[in-house]
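# Structure at a glance
So you can see what is in the structure, the chains are spelled out below.
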Amino acid sequence: MITYRRSHLRALEDEAVHIMRELAAERERPCLLFSGGKDSIVLLRLAEKAFRPARFPFPLLHVDTGHNFPETIVYRDRRVAELGERLIVAHVQDSIDKGRVAEETGPRASRNRLQTTTLLDALLDNKFDAAIGGARRDEERARAKERIFSHRDEFGQWDPKNQRPELWSLYNGRVKRGEHLRIFPLSNWTELDVWQYIAAEDIPLPDIYFAHRREVFSRDGMLYAQNPFVTLLPGEKVIEQVVRFRTIGDMTCTGAVSSPASTLDEVIAEVAAARLTERGATRADDRFTEAAMEDRKREGYF
């Protein structure tokens, strides 16, 4: 069994708990984004540490593309039921039906970029003034620019050149009417920290994070799960392979990795040796352009 640096993880936990409590004290209507992915699962455990035995001072919000991995949705609903917390699901399909966004077409079509409008509408409809998310600075260079309390203007947009200073763990939670904050308690965590914390806390995860046999196909140097939302290109063939997922998003743009890692210790060892971030290695939406993530974040993406 691997021995974890408990003092290091405890410092990260203490910081995250402090951030959540500060938010609860400063804002009236926050929410926590919960998708059933590993980072949002860790956020739930941290919220338990921050507020239990009381109920969370915010509901959970999931922006559902309709193209999610079934294992993740099953886990999401089970975990919410166990906690007894309120879950709000905002559907991208509803945004399409209302004409708010247009469905992409073609073999590389994805609903991932459509989530921005659905998220912003959900925040507005529910009058949320802050949204807690599991983004980390080590994931991608645009996310490395974020503050922990990240300001969004009345259009839900982010200006990376107009960031509020954060000194001595003091956070500015002020917003004007129509503005909101994005809160990132895991900003200073790494992918390895997340996995070590999951192991130390014995947090259950969807099986999709561990090695399993799955039908996949290769495209643009990535392995995609066979699914009804993607049309195969000429020459692409579905094969069965042992894979796992480092990150979980829309099935149309999230790749798997060939891996025999079937236990937490094996996953941790694999992550420790990795030289690419999980998004850089397995998320096609981040390969759209060199500044794909920053472009989406400026528009309101998380």
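Values in this document were obtained by computation on a predicted structure and should not be read as measured data. (Residues numbered from 1 in each chain as written. Predicted model: local features only at pLDDT ≥ 70, side-chain atom pairs only at ≥ 80, totals over all residues. Heavy atoms only, no water.)

What follows deals with the sheet that holds strand β7 (residues 212-219). Around the barrel, 4 strands lie side by side as β7-β8-β10-β9; this closed barrel has antiparallel pairing. Each strand of the sheet is rotated relative to its neighbour by a mean of 70°, with strand direction disregarded. Pairing analysis gives 5 bridges linking β7 to strand β9 (residues 239-244), with the strands arranged antiparallel. The partner of Val216 across the bridge, within β9, is Ile239. (Pairing = 2+ DSSP bridges. Helix = DSSP H or I, 4+ residues; strand = E, 2+ residues; numbered from the N terminus. Axes fitted to C-alpha atoms, helices over the stretch in contact; angles between N-to-C directions.)

This paragraph deals with the domain arrangement of the chain. With domains assigned, the chain is organised as domain 1 (8-193 + 291-299) and domain 2 (204-286). One C-alpha centre belongs to domain 1, the other to domain 2; they are set 23 Å apart. Taken together, the contact pairs 30 residues of domain 1 with 32 residues of domain 2. Across the domain 1 to domain 2 interface the summed buried area is about 2,600 Å²; carbon plus sulfur atoms make up 54%. When residues of domain 1 are sorted by the area they lose upon contact with domain 2, His67, Phe69 and Glu191 head the list and together hold 25% of the total. (Domains from an automatic or database assignment. Contact = heavy atoms within 4.5 Å. Buried area = accessible area lost by both parts, 1.4 Å probe.)

Empty space among the atoms becomes apparent when a probe as large as a water molecule is rolled across them. Roughly 510 Å³ of volume is contained in the largest pocket. Along its surface, the largest pocket is lined by 22 residues, and Leu123, Leu124, Phe128, Gly178 and Glu179 are the ones closest to its centre. Per element, the largest residue contribution to the lining of the largest pocket is 5 residues, and it comes from helix α5 (residues 115-125). Residues belonging to the lining of the largest pocket are distributed by class as follows: 6 nonpolar, 4 polar and 12 charged. (1 Å grid on protein atoms, 1.4 Å probe; cavity = no way out; pocket = protein on both sides within 12 Å on 5 of 7 lines; lining within 4 Å. Points joined across faces, edges and corners; volume = space filled by probe spheres on them. Nonpolar A, V, L, I, M, F, W, Y, C, P; charged D, E, K, R; others polar.)

Residue Pro53 is bonded to the preceding Arg52 through a cis peptide linkage, with omega at 15°. By the element assignment, Pro53 lies in the loop between α2 (38-51) and β2 (60-64). Backbone geometry places Lys127, a non-glycine residue, at a positive phi of 60°. Along the chain, the position of Lys127 falls in the loop between α5 and β4 (130-132). Overall, Lys127 belongs to the exposed group, its relative accessible area being 60%. Of note, the phi angle at Asp220 is positive, near 55°, even though the residue is not glycine. Tracing the backbone through its elements, the reader meets Asp220 in the loop between β7 and β8 (222-225). (Buried < 20%, exposed > 50% of the residue type's maximum accessible area, 1.4 Å probe, protein only.)

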